[in-house]
Amino acid sequence: MNKADVIEEFRHRTDAPSRAAAARSVQAFIDIIVGTVAAGQEIRVGGLGVFDRDYRKAREARNPNTNEVVEVPGKWVMRFRPSTKVKTAVNK
């Protein structure tokens, strides 16, 4: 399922007046999540899970083709921890 499919499903489930209105709603939800996590805060969505960020430390890695050691810089990454409800639904 891609974003267009999510928008269409959202439209049908919420009786949104138009596809454009559904697209704005889906995009607003995405923007809220990304903006909040980028600001260093976490978002807890009941029944879905927690979106937050975590710092990955700098490390050394190897290029598998040349076996050369490469420095990988540290960076912030987005993390999602699913709720128990989601875990149960996925593992049925």
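Residue numbers restart at each chain and count upward from 1, following the sequence in its written direction. Only residues with pLDDT of at least 70 are given local features in this predicted model, and only at 80 or more are side-chain atom pairs given and counted; all residues enter the totals for whole chains, interfaces and linings. Here the side-chain values reflect all heavy atoms present in the structure, with hydrogen atoms and water set aside.

Structural notes on the overall build of the protein
Next, step 1: Going along the chain from the N terminus, every DSSP run of H or I of four or more residues is numbered as a helix, and every run of E of two or more is numbered as a strand. A count of helical and extended segments in the protein gives three helices and five strands.
Next, step 2: Ordered by position from N to C terminus, the α and β elements of the protein give α-α-β-β-β-β-β-α.
Next, step 3: Taken against the 2.2 N^0.38 rule, which gives 12 Å for 92 residues, the C-alpha radius of gyration of the protein at 19 Å runs more than 25% over that of a compact globule.
Next, step 4: In terms of its C-alpha atoms, the protein occupies a principal-axis envelope of roughly 55 × 30 × 30 Å.
Next, step 5: Residues are treated as being in contact if the distance between any of their heavy atoms lies within 4.5 Å. By sequence separation, contacts in the protein at least 24 residues apart represent 34% of the contacts at least 6 residues apart.
Next, step 6: Areas reported as accessible are Shrake-Rupley estimates using a 1.4 Å probe. Residue values count occlusion only from the protein chains shown. Roughly 7,200 Å² of accessible area belongs to the protein as shown, and the carbon and sulfur atoms make up 53% of that amount.
Next, step 7: Lys and Arg are tallied as positive, Asp and Glu as negative. Neither His nor the chain termini are counted. We put the charge of a Lys on NZ, of an Arg on CZ, of an Asp on CG and of a Glu on CD. For the protein, the centre of its 17 positive side-chain charges and the centre of its 11 negative side-chain charges are spaced 4 Å apart. Radius of gyration here uses only the C-alpha atoms, and the compact-globule reference equals 2.2 Å multiplied by the residue count raised to the power 0.38.

Here's the deal with the side chain of serine 83
Next, step 1: Of note, serine 83 is situated in the loop between strand 5 (75-82) and helix 3 (84-90).
Next, step 2: Summary of the burial criterion: residues with accessible area below 20% of their type's maximum are buried, those above 50% are exposed, and those between are partly exposed, where the area comes from a 1.4 Å probe applied to protein chains only. For serine 83, a relative accessible area of 17% gives the class buried.
Next, step 3: If we ignore the near neighbours within four places in the chain, the residues touching serine 83 are Gly47, Leu48 and Gly49.

A word on helix 1 (residues 3-14)
Next, step 1: The end-to-end C-alpha separation of helix 1 is 16 Å, in line with the 16 Å expected for 12 residues at 1.5 Å each.
Next, step 2: Two residues or fewer past helix 1, aspartate 15 is found with a positive phi of approximately 55 degrees. Here a helix's expected span is defined as the number of its residues, less one, multiplied by 1.5 Å.

The analysis is restricted to geometry; functional conclusions fall outside its scope.
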